[in-house]
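# What the coordinates show
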Amino acid sequence: MVSCVEQCKIEERNLRLADGLGLKNVPVDSMVTIMYSEFLKDMLKINKNFIMEIEDTLSDLVNKYKTRNNSLDNLNKVKFMYHDFKPMNKDKRRAVHELAEAFKMTSQSFDAEPNRNVQVKVAYNSEEPSLKLSQLGKRGVGGCISKQKASQSANVNVPLPNLQTLEANSIQRDDIVFDSWEDI
């Protein structure tokens, strides 16, 4: 089984290779797993019930939005749905902002302390992540490293291929051998 750190390195390498090859229509979201910050992983350890409650709320919002718009014709579809969370402390607000990002939602804080709260906006591209933070906790996995750490470690350990010299070399994948890029 491939560890999460190794998987993140592989995904980062694949993204750089696709970018280097000029592949523009590659569905990046399907290649990249959600990478949760150390802050969120620590928050899961400290307050798992809070994280699960926020994830459930965000999942419900996505499902309500999709269900409502699937049942309506184009003229009556809703562009956005908003949800206001109750007032909470700074760390919990940060967790809501980061989880909303994983669900492809936008979020914003309102009001002054002690009534500061978070509002999330659900849109057509909002969706549940392929792997929720609480699911990582159930499996006992810490989650992937952050994108910044992945790119830093990938840049240090794995050199980018020279695309000028790569053309002259044969590329082999399983039983198929290509002598040049034109054969692909």
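The preceding data block contains the structure.
Below, the structure is looked at part by part. Being a predicted model, the structure only gives us computed values, none of them experimental.

### Observations concerning the sheet that holds strand 3 (residues 117–122)
One open sheet holds the three strands; their spatial order is 1-3-2, and the pairing between them is antiparallel. Of all strands in the sheet, those bounded by a partner on one side alone are strand 1 (81–84) and strand 2 (106–110). Averaged over all neighbouring strand pairs, the angle between strand axes comes to 20°, with direction disregarded. With five bridges joining them, strand 2 and strand 3 adopt antiparallel strand pairing. Residue pairing for strand 3: S107 is matched across the bridge by V120. Against the sheet, helix 5 (residues 90–102) makes contact with strand 2 and strand 3, and its axis sits at roughly 10° relative to strand 3, the strand it touches most.

### Let's talk about the side chain of N117
In this fold, N117 is placed in strand 3. At 3.3 Å, the side chain of N117 forms a polar contact with the backbone oxygen of F85. The contacts of N117, once residues within four sequence positions are left out, are D84, F85, K86, P87, R93, Q108, S109, F110 and D111.

### Quick word on helix 4 (residues 48–70)
Look at helix 4: 33 Å from first C-alpha to last across 23 residues, which is about the 33 Å you get at 1.5 Å a residue. Buried residues of helix 4: F50, I51, I54, E55, L58, S59, L61, V62, Y65 and N69, and no others.

### Observations concerning helix 5
Taking 1.5 Å per residue as the helical rise, helix 5 with its 13 residues ought to reach 18 Å, and the 19 Å between its terminal C-alpha atoms agrees with that figure. Within the span of helix 5, buried status applies to R93, A95, V96, E98, L99, A100 and A102. For helix 5, the N-terminal cap is N89; the gap from its side-chain oxygen to the backbone nitrogen of D91 is 3.2 Å. K104 occupies a position one or two residues after helix 5 and carries a positive phi of about 60°.

### A word on the environment of E127
With respect to the secondary-structure elements, E127 resides in the loop between strand 3 and helix 6 (133–139). Classification of E127 by relative accessible area gives partly exposed; the value is 36%. Expressed as a C-alpha distance, the spacing of E127 and F103, which sit 24 residues apart in the sequence, is 5.3 Å. If near-sequence neighbours (up to four positions away) are discounted, E127 is found in contact with V62, A102, F103 and K104.

### Notes on the side chain of K132
Mapping K132 onto the fold places it in the loop between strand 3 and helix 6. K132 sits in the buried class, given a relative accessible area of 15%. Setting aside chain neighbours within four positions, we find K132 in contact with Y36, E55, S59 and F103.

The rules behind these values
Residues numbered from 1 in each chain as written. Predicted model: local features only at pLDDT ≥ 70, side-chain atom pairs only at ≥ 80, totals over all residues. Heavy atoms only, no water. Pairing = 2+ DSSP bridges. Helix = DSSP H or I, 4+ residues; strand = E, 2+ residues; numbered from the N terminus. Axes fitted to C-alpha atoms, helices over the stretch in contact; angles between N-to-C directions. Contact = heavy atoms within 4.5 Å. Polar contact = N/O pair within 3.5 Å; in protein donor to acceptor, adjacent residues only side chain to side chain. Expected span 1.5 Å × (residues − 1). Buried < 20%, exposed > 50% of the residue type's maximum accessible area, 1.4 Å probe, protein only.

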